[in-house]
Amino acid sequence: MGFFDFLKGSDINQGIKEYGDTTGAVLLDVRTSQEYREGHIPNSKNVPLQSLERVETIVNRADIPIFVYCYSGSRSHQAVNALKRMGYTNVKNIGGIATYTGKVER
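Residues numbered from 1 in each chain as written. Predicted model: local features only at pLDDT ≥ 70, side-chain atom pairs only at ≥ 80, totals over all residues. Heavy atoms only, no water.

Novice: Before we move on, can you summarise the overall build of the chain with the specific residues and values?
Specialist: Helix and strand content of the chain: 3 helices and 4 strands. Along the chain, helices (α) and strands (β) appear in the sequence α-β-α-β-β-α-β when read from the amino end. In terms of C-alpha radius of gyration, the chain reaches 13 Å, essentially the compact-globule figure of 13 Å for 106 residues. Expressed along its principal axes, the backbone C-alpha trace of the chain runs to roughly 40 × 30 × 25 Å. In the chain, which comprises 106 residues, the share counted as buried stands at 43%. (Helix = DSSP H or I, 4+ residues; strand = E, 2+ residues; numbered from the N terminus. Rg over C-alpha atoms; globule rule 2.2 N^0.38 Å. Buried < 20%, exposed > 50% of the residue type's maximum accessible area, 1.4 Å probe, protein only.)

Novice: Give a detailed account of the sheet that holds strand 2 (residues 45–46), specifying residues and quantitative values.
Specialist: If you walk across this open sheet you meet the 4 strands as 2-1-3-4, and the pairing is parallel. What marks the edges here is a single partner per strand, and that holds for strand 2 and strand 4 (91–96). Summarising the sheet, strand 3 (residues 66–70) and strand 4 pair through 5 bridges and their orientation is parallel. Following the sheet pairing, Cys-70 is matched in strand 4 by Gly-96. Relative to strand 4, helix 1 (residues 12–20) is tilted by about 140 degrees, and along the sheet it contacts strand 1 (26–29), strand 3 and strand 4. In the packing of helix 3 (residues 74–85) onto the sheet, contacts are made with strand 1, strand 3 and strand 4, and the angle to strand 3 comes to roughly 145 degrees. (Pairing = 2+ DSSP bridges. Contact = heavy atoms within 4.5 Å. Axes fitted to C-alpha atoms, helices over the stretch in contact; angles between N-to-C directions.)

Novice: Can you lay out the confidence of the model for the chain for me, pointing to particular residues and giving the numbers?
Specialist: Predicted coordinates in areas of low pLDDT are best not read in detail. Overall, the prediction assigns the chain a mean pLDDT of 93, with 92% of residues at 70 or greater. Predicted confidence is poor over residues 1–7, with pLDDT under 50, and the contacts of this stretch with residues over four places away or in other chains come to 0 contacts. (pLDDT = per-residue confidence, 0-100.)

Novice: Residues and numbers for helix 3, please.
Specialist: Spanning 12 residues, helix 3 covers 17 Å between terminal C-alpha atoms, matching the ideal 16 Å at 1.5 Å per step. Along helix 3, the residues that are buried comprise Ser-76, Ala-79, Val-80, Ala-82 and Leu-83. Where helix 3 is buried, its residues meet strand 1, strand 3 and strand 4. Downstream of helix 3 by a residue or two, Gly-87 has a phi angle that is positive, lying close to 105 degrees. (Expected span 1.5 Å × (residues − 1).)

Have a look at this one:
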């Protein structure tokens, strides 16, 4: 790992692989509903950042692994911090769909 590697942020493709390898995990897209409809990662659940309190309808236990993404990684970073404040203990920001190379659903 180089000195400036921290500037690159999370690798969403690696995060999706890790999500797939994690039993019972939830893939959370915190973009707007409109952005989600325009294209999202298969099996992801959409809870926009501004409505994050609704996550309890999808993730009903604090220890369930949650992999969070948005467009660039900024909103997902905010969402991870908010989820931790809400008591969720196994939350990971995997970055932004902008650099995702896999299949997208519409």
